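# Fold and geometry: a report
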Amino acid sequence: MSSRRVLQSLQPQVLIWARQRAQISPKFLAKKMKIKIERILNWEQTGEISMAQIDKLAQITRTPIGYLFLSHPPKEKILIQDFRTLTKDIPKYPSPDLTDTIQLMLRRQDWMREELIEAGVEPLTFVGSCKDMTSIEEVVHSMRRAFSLDEEWAFDQKDWESAFQCIRQKAEKIAIFIVINGVVGNNAYRKLNRKEFQGFALVDQFAPFVFINGADFKTAQMFTLAQS
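What you see is a predicted model, and the numbers here were worked out from it, not measured in a lab. (Residues numbered from 1 in each chain as written. Predicted model: local features only at pLDDT ≥ 70, side-chain atom pairs only at ≥ 80, totals over all residues. Heavy atoms only, no water.)

### Brief notes about the overall build of the chain
The condition that has to hold: Only DSSP runs of H or I covering at least 4 residues are called helices, and only runs of E covering at least 2 are called strands; the numbering of each starts at the N terminus. The globule rule is 2.2 Å times the number of residues to the power 0.38, and the radius of gyration it is compared with is taken over C-alpha atoms. Burial here depends on accessible area, computed with a 1.4 Å probe over protein chains only, as a share of the maximum for the residue type. Under 20% is buried, over 50% is exposed, and the range in between is partly exposed. Any two residues having at least one pair of non-hydrogen atoms within 4.5 Å are treated as being in contact. Only the protein chains shown count as cover for residues, and the accessible areas themselves come from Shrake-Rupley with a 1.4 Å probe. Only four residue types enter the charge count: Lys and Arg as positive, Asp and Glu as negative, with His and the chain ends excluded. Charged side chains are reduced to one point each, which is NZ for Lys, CZ for Arg, CG for Asp and CD for Glu.
For the chain, the helix and strand inventory stands at eight helices and eight strands. Rg of the C-alpha trace for the chain: 22 Å, well past the compact-globule value of 17 Å for 228 residues, more than 25% over. In terms of principal-axis extent, the alpha carbons of the chain reach across some 75 × 40 × 35 Å. Counting the 228 residues in the chain, one finds 39% classified as buried. In the chain, the share of contacts with a sequence separation of at least 24, taken over all contacts with a separation of at least 6, comes to 67%. Of the roughly 14300 Å² of accessible surface on the chain, a fraction of 53% belongs to carbon and sulfur atoms. The positive charge centre, built from 32 side chains, and the negative charge centre, built from 27, are 12 Å apart in the chain.

### Points about the pattern of salt bridges
Put simply, the rule reads: Counted as salt bridges are all cases of a side-chain nitrogen of Lys or Arg within 4 Å of a carboxyl oxygen of Asp or Glu.
Applying the stated criterion to the full structure yields seven salt bridges. Where Arg 190 meets Asp 100, a salt bridge forms, and the shortest distance between an N and an O atom there is 2.8 Å. Of this pair, Arg 190 sits in strand S6 (residues 187–191) while Asp 100 sits in helix H5 (residues 96–118), and the two are 90 residues apart along the sequence. Owing to a relative accessible area of 33%, Asp 100 belongs among the partly exposed residues under this scheme. Here Asp 216 and Arg 194 are joined by a salt bridge, their closest N and O atoms 3.8 Å apart. One end of the pair, Asp 216, is in the loop between strand S8 (209–213) and helix H8 (218–227); the other, Arg 194, is in the loop between S6 and strand S7 (199–202), with 22 residues separating them in the sequence. A residue is classified by how much of its surface remains accessible, and Asp 216, at 6% relative accessible area, is buried. Judged by relative accessible area, which is 23%, Arg 194 ranks as partly exposed.

### Brief notes about the packing of aromatic side chains
As a reminder of what qualifies: When two rings of Phe, Tyr or Trp (its six-membered ring) have centres within 6.5 Å they constitute a pair, described as stacked for plane angles under 30 degrees, edge-to-face for angles over 60, and tilted for the intermediate range.
Summed over the entire model, instances satisfying the criterion amount to six aromatic pairs. Counting every residue linked through ring pairs, the aromatic cluster contains Phe 197, Phe 200 and Phe 211.

### Topic: a negative patch on the surface
Inclusion rule: In this scheme, patches are assembled from residues that exceed 30% relative accessible area and form no salt bridge. Like charges are connected within 9 Å, while nonpolar side chains (Val, Leu, Ile, Met, Phe, Trp, Tyr) are connected within 5 Å.
Together, Asp 110, Glu 114, Glu 115 and Glu 118 make up a region of like negative charge exposed at the surface. Tracing the sequence through the fold places Glu 114 in helix H5.

### A word on the packing of helix H1 (residues 12–21) against helix H3 (residues 37–46)
As a reminder, the rule being used: Geometry is summarised by axes, namely lines fitted to C-alpha atoms with helices restricted to the contacting stretch, and by angles between N-to-C directions that run from 0 to 180 degrees. An angle counts as roughly parallel when it lies under 35 degrees, as roughly antiparallel when it exceeds 145, as roughly perpendicular when it falls between 65 and 115, and as oblique in every other case. Side-chain classes are defined by residue name, with Ala, Val, Leu, Ile, Met, Phe, Trp, Tyr, Cys and Pro counting as nonpolar, Asp, Glu, Lys and Arg as charged, and the others, Gly among them, as polar.
Look at H1 against H3: their axes get within 6 Å of each other, and the N-to-C directions meet at 130 degrees. In terms of their interaxial angle, H1 and H3 are classed as oblique. Together, Pro 12, Leu 15, Ile 16 and Arg 19 of H1 and Trp 43, Glu 44, Gln 45 and Thr 46 of H3 make up the contact between the two elements. Each residue belonging to the contact of H1 with H3 can be placed in one class, and the counts come to four nonpolar, two polar and two charged.

### So, the environment of Lys 27
Here Lys 27 shows up in helix H2 (residues 26–33). Sequence separation between Lys 27 and Ile 37 is ten residues, and the spatial gap between their C-alpha atoms is 5.7 Å.

### A word on H2
What counts, and what does not: Directions drawn from the helix axis to the C-beta atoms are what define this arc.
Listed as buried for H2 are Pro 26, Leu 29, Ala 30 and Met 33. All buried residues of H2 fall inside an arc of 100 degrees around its axis, so they share one side. Opposite the packed face of H2, turned more than 90 degrees from it, sit the exposed residues Lys 27 and Lys 31. Summarising the contacts, the buried residues of H2 are in contact with H1, H3 and helix H4 (51–61). Looking one or two residues beyond H2, the residue adopting positive phi is Lys 34, at roughly 60 degrees.

Worth remembering: the numbers are spatial, not functional.
And the structure:
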């Protein structure tokens, strides 16, 4: 018997965690692995799984293979606070697509921050300026001032798309970096789930980043940008 067919004894809760973290059902996982769903359910009850299947499971769920051999599911935390979802609840397990996107944006931000500091650029005074404000009106007024927008600016826009582009251009003009993408990096096979997250902000005095899930509706992207 090939060594890759020898059964390994893993922890069932770790195998369940890997599947749930990838936000896929047992039925979908069985289809991707081209096996019967009963085998998936058996893994998640007994932990008995071959090395060849471990490799496939790691690949499909985008789980580092070493994680599957842990005694307990790792406690992954979302590294940021400014996070927009369709509900108030943060996902129980952040998906690999979300964590990889955040890591990618953090690397870009770090690089841009170093470039700007080296170039002698001054920190942005509006970053963090609203933390002591007590009313929504104060925050809105501060935002309009930073973006150089008057109270009637929205009436000059013909639709949501033009309003969104206006806000985006104003933001980029004051050195806020806006990234809109519906996939992880350039991988068209890793589409972002708008139900998991609609966008997030990476606050920084030199290189503030706003990421908007391009898979979301245009009107929702407008609210994500404004909220961030």
